[in-house]
Amino acid sequence: MNPLSQRPYFFDKGIRFSCLRCGVCCTGAPGIVRVGEEEPRAMAAYLNQPVAGLIATYLAAFEDGYRVLEDSDGRCLFFENGCRVYPVRPVQCRTFPFWFKNLRSEAAWAATKKACPGIGQGRHYPREEILAVLETNMRQTHFLKKE
């Protein structure tokens with residue numbers, strides 16, 4: 001049984017969220033966006049460029065995959081007037097804002113909500129779906145052991 005589902009959460013009644021593609025989460029403070037070893041292939045195909053070229057331009061080796069490079073201000077190199085790889089963006093990006101650090105407490109969520117205008121907008125994510133997305137992201141970012 002999923003250990004995440006064994007306790008109550010502040011989001012038990014769900015959360016509304018819609019990515020407004022504003023770029024707030026793609027710019028600002030530096031961070032690490034992990035890219036699984038298979039994800040560069042989809043991004044390269046989407047941008048119609050060789051995988052090796054995409055890796056050399058946008059990614060750096062990190063753990064068992066890659067990480068997205070940023071400019072000196074912390075802006076993701078894929079972000080230029082919007083995400084250039086939005087339909088095939090990394091799992092870590094696709095699962096924002098449903099990250100462990102954001103969902104660990106109501107206070108952490110409130111801080112995330114102040115920064116992200118999409119929180120409280122759009123479709124309703126029920127608790128079960130939030131936990132599934134959280135588990136996917138945690139597995140991708142190595143918080144949970146891969147099966």
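Not measured: the values here are computed from a predicted model. (Residues numbered from 1 in each chain as written. Predicted model: local features only at pLDDT ≥ 70, side-chain atom pairs only at ≥ 80, totals over all residues. Heavy atoms only, no water.)

S.K.: Please explain the overall build of the chain as it appears in this structure.
M.R.: Scanning the chain from N- to C-terminus turns up six helices and five strands. Overall, the chain shows an N-to-C arrangement of helices and strands of β-β-α-α-β-β-α-α-α-β-α. Expected size for 147 residues packed as a compact globule is a radius of gyration near 15 Å; at 16 Å, the chain falls within 12% of this value. Across the 147 residues that make up the chain, the buried fraction comes to 39%. (Helix = DSSP H or I, 4+ residues; strand = E, 2+ residues; numbered from the N terminus. Rg over C-alpha atoms; globule rule 2.2 N^0.38 Å. Buried < 20%, exposed > 50% of the residue type's maximum accessible area, 1.4 Å probe, protein only.)

S.K.: Explanation requested: unusual backbone geometry in the structure shown.
M.R.: Trans is the common state for peptide bonds, and a negative phi is the common state for residues other than glycine. A cis amide bond, omega 10°, links phenylalanine 96 with the succeeding residue proline 97. Here proline 97 lies in the loop between helix H3 (91–94) and helix H4 (100–103). Although it is not a glycine, arginine 21 adopts a positive phi angle of roughly 55°. Tracing the chain through its elements places arginine 21 in the loop between strand E1 (15–17) and strand E2 (34–35). With a relative accessible area of 46%, arginine 21 lands in the partly exposed category.

S.K.: Explanation requested: the sheet that holds strand E3 (residues 59–62) in the structure shown.
M.R.: Each strand in a sheet pairs with another by means of backbone hydrogen bonds, the pair being arranged parallel or else antiparallel. An order of E2-E4-E3 is seen for the three strands of this open sheet, with the pairing classed as antiparallel. A strand with exactly one partner marks an edge of an open sheet, and here the two such strands are E2 and E3. For E2 and strand E4 (residues 65–68), the ladder comprises two bridges, and the chain directions are antiparallel. The partner of valine 35 across the bridge, within E4, is tyrosine 66. Along the sheet, helix H2 (residues 51–58) contacts E3 and E4; its crossing angle with E3, the most-contacted strand, is approximately 85°. (Pairing = 2+ DSSP bridges. Contact = heavy atoms within 4.5 Å. Axes fitted to C-alpha atoms, helices over the stretch in contact; angles between N-to-C directions.)

S.K.: In this structure, what is going on with the packing of aromatic side chains? I would like to understand it.
M.R.: For any pair of aromatic rings, the description rests on two quantities: the centre-to-centre distance and the angle between the ring planes. Across all of its chains, the model carries eight aromatic pairs by this definition. Centre to centre, the rings of phenylalanine 98 and tryptophan 109 are 6.1 Å apart; their planes meet at 15°, and the pair counts as stacked. Taken together, the residues span a long stretch of sequence, with phenylalanine 98 in the loop between H3 and H4 and tryptophan 109 in helix H5 (residues 106–115) at a distance of eleven residues. Among the residues examined, tryptophan 109 registers a relative accessible area of 8% and is labelled buried. (Phe/Tyr/Trp six-rings, centres within 6.5 Å; stacked < 30°, edge-to-face > 60°.)

S.K.: Sorry, what's going on with the environment of histidine 124 here?
M.R.: Secondary-structure assignment places histidine 124 in strand E5 (residues 123–125). For histidine 124, a relative accessible area of 35% puts it in the partly exposed group. One polar contact links the side chain of histidine 124 to the main-chain carbonyl oxygen of lysine 13, over a distance of 2.8 Å. (Polar contact = N/O pair within 3.5 Å; in protein donor to acceptor, adjacent residues only side chain to side chain.)

As far as function goes, none of this settles anything; it's purely spatial.
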